[in-house]
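The primary structure of each chain is shown beneath.
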Amino acid sequence: MPGLKDLSLIWQNIREVDLRPIRDAALLEVKIGLVGEPGAGRHTLADQMRLDPARAGVQTRTPMAIVPLNDAEKVGGADLIIVMVDATRSEYQREQALVGAWTDKGKKVLVFFNKYDLLQEGQVVGQWVGWQAAKVLYGSALDVDFLKREFVPAVLELVPAERYMALGRQFPIFRIPIARDLIGDTCFSNTAYAVSTGVAEIVPVLD
């Protein structure tokens with residue numbers, strides 16, 4: 001059973017942890033742009049990203065560039081561009097042209113076919129072939145379970161890991177997956193350290 005001395009050593013180690021890198025990482029800015037025709041669901045998705053799934057009613061006011069297709073050039077500097085498309089429409093030539101141009105410039109682009117749940121039986125998404133985006137999703141911006149299951153992992157694949165802390169600070173929907181990822185990395189590092197030091201202790205030449 002740990003004694004007072006052991007507890008004091010633990011507290012001393014905690015105090016010696018430098019939290020500044022974590023703070024600096026969290027204070028970085030992740031610029032996300034939402035582009036689409038009116039009624040495609042841009043504002044709906046933005047609201048969902050700002051809601052905290054762990055605390056009902058809690059919402060951030062993180063600024064986002066939410067623009068129509070005519071002003072698409074305004075999101076050219078975003079770290080991630082999300083193109084919202086109404087899946088009930090039949091043609092998306094303007095969206096495809098923009099996505100192709102951004103992808104050619106090395107931009108991270110995610111295409112979100114919204115209102116996929118409103119398609120009639122037998123109806124298919126028009127012109128679904130030819131998208132040059134890094135990710136293409138089909139679902140509903142109102143479906144929180146879909147967002148957690150499909151949208152969140154897709155965004156995390158496109159955002160650099162060093163920006164995770166900032167992404168979670170700005171958009172609560174990503175906080176739980178990011179926390180799990182950080183815990184997993186920490187557990188792996190601690191396990192690797194424990195195994196390596198344990199091996200060194202039982203091998204005389206390494207002790």
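Preceding this section is the structure that the text describes.
Bear in mind that the values here come from a model prediction, so they are computed numbers and not experimental data.

Rules of the game
Residues numbered from 1 in each chain as written. Predicted model: local features only at pLDDT ≥ 70, side-chain atom pairs only at ≥ 80, totals over all residues. Heavy atoms only, no water. Phe/Tyr/Trp six-rings, centres within 6.5 Å; stacked < 30°, edge-to-face > 60°. Helix = DSSP H or I, 4+ residues; strand = E, 2+ residues; numbered from the N terminus. Buried < 20%, exposed > 50% of the residue type's maximum accessible area, 1.4 Å probe, protein only. Pairing = 2+ DSSP bridges. Axes fitted to C-alpha atoms, helices over the stretch in contact; angles between N-to-C directions. Contact = heavy atoms within 4.5 Å. Salt bridge = Lys/Arg side-chain N within 4 Å of Asp/Glu carboxyl O. Parallel < 35°, antiparallel > 145°, perpendicular 65-115°, else oblique.

Draft legend 1. Up close: the packing of aromatic side chains. Overall, the coordinates contain eight aromatic pairs when judged by the stated rule. Arranged with centres 6.0 Å apart and planes meeting at 50 degrees, the rings of Phe112 and Phe151 form a pair that is tilted. One end of the pair, Phe112, is in strand S4 (residues 109–114); the other, Phe151, is in helix H5 (residues 144–158), and 39 residues separate them in sequence. Using a relative accessible area of 0% as the deciding quantity, one classes Phe151 as buried.

Draft legend 2. Looking closely at the sheet that holds strand S3 (residues 80–86). Strand order in the open sheet made by the five strands is S2-S1-S3-S4-S5, with parallel pairing throughout. Single-partner strands in this sheet number two, and they are strand S2 (65–67) and strand S5 (135–138). Each neighbouring strand pair of the sheet contributes to a mean axis angle of 15 degrees, computed without reference to strand direction. Across six bridges, S3 lies against S4 in parallel orientation. The residue of S4 that forms the bridge with Val83 is Val111.

Draft legend 3. Highlighting the environment of Lys31. Looking at the secondary structure, you find Lys31 in the loop between helix H2 (20–26) and strand S1 (32–36). Spatially, the C-alpha atoms of Lys31 and Gln170 are 9.8 Å apart, while their sequence positions differ by 139 residues. With residues near it in sequence (within four places) discarded, Lys31 still touches Gly77, Ala78, Asp79 and Leu80.

Draft legend 4. Region of interest: the side chain of Asp86. Within the secondary structure, Asp86 is located in strand S3. Leaving out residues up to four positions away in the same chain, Asp86 has contacts with Gly39, Ala40, Tyr92, Asn114 and Lys115.

Draft legend 5. Layout of the pattern of salt bridges. Counted according to the given criterion, the structure contains eight salt bridges. Two residues, Glu37 and Arg94, come together in a salt bridge whose shortest N-O distance is 3.2 Å. You can see Glu37 sitting in the loop between S1 and helix H3 (42–50) and its partner Arg94 sitting in helix H4 (residues 93–104), a full 57 residues away along the chain. Exposure remark for Glu37: the relative accessible area of 22% places this residue in the partly exposed category. If you follow the salt bridges from partner to partner, you end up with Asp52, Arg55 and Arg175 in one network.

Draft legend 6. Summary view of unusual backbone geometry. Despite not being glycine, Lys115 has its phi angle at roughly 65 degrees, a positive value. Within the secondary structure, Lys115 is located in the loop between S4 and S5. Accessibility expressed as a relative area gives 24% for Lys115, which makes it partly exposed.

Draft legend 7. Local environment of H3. All buried positions along H3 are accounted for by Arg42, Leu45, Ala46, Gln48, Met49 and Arg50. Buried-residue contacts for H3 involve S1, S2, S3, S4 and H5.

Draft legend 8. Structural detail: the packing of H3 against H5. Two numbers describe how H3 lies on H5: the axes approach to 11 Å, and their chain directions differ by 80 degrees. The angle between H3 and H5 places the two elements in the roughly perpendicular class. For the pair formed by H3 and H5, the contact residues are Leu45, Gln48 and Met49 on the first element and Val144, Leu147 and Phe151 on the second.

Everything listed here is a matter of coordinates, which is why it stays silent on function.
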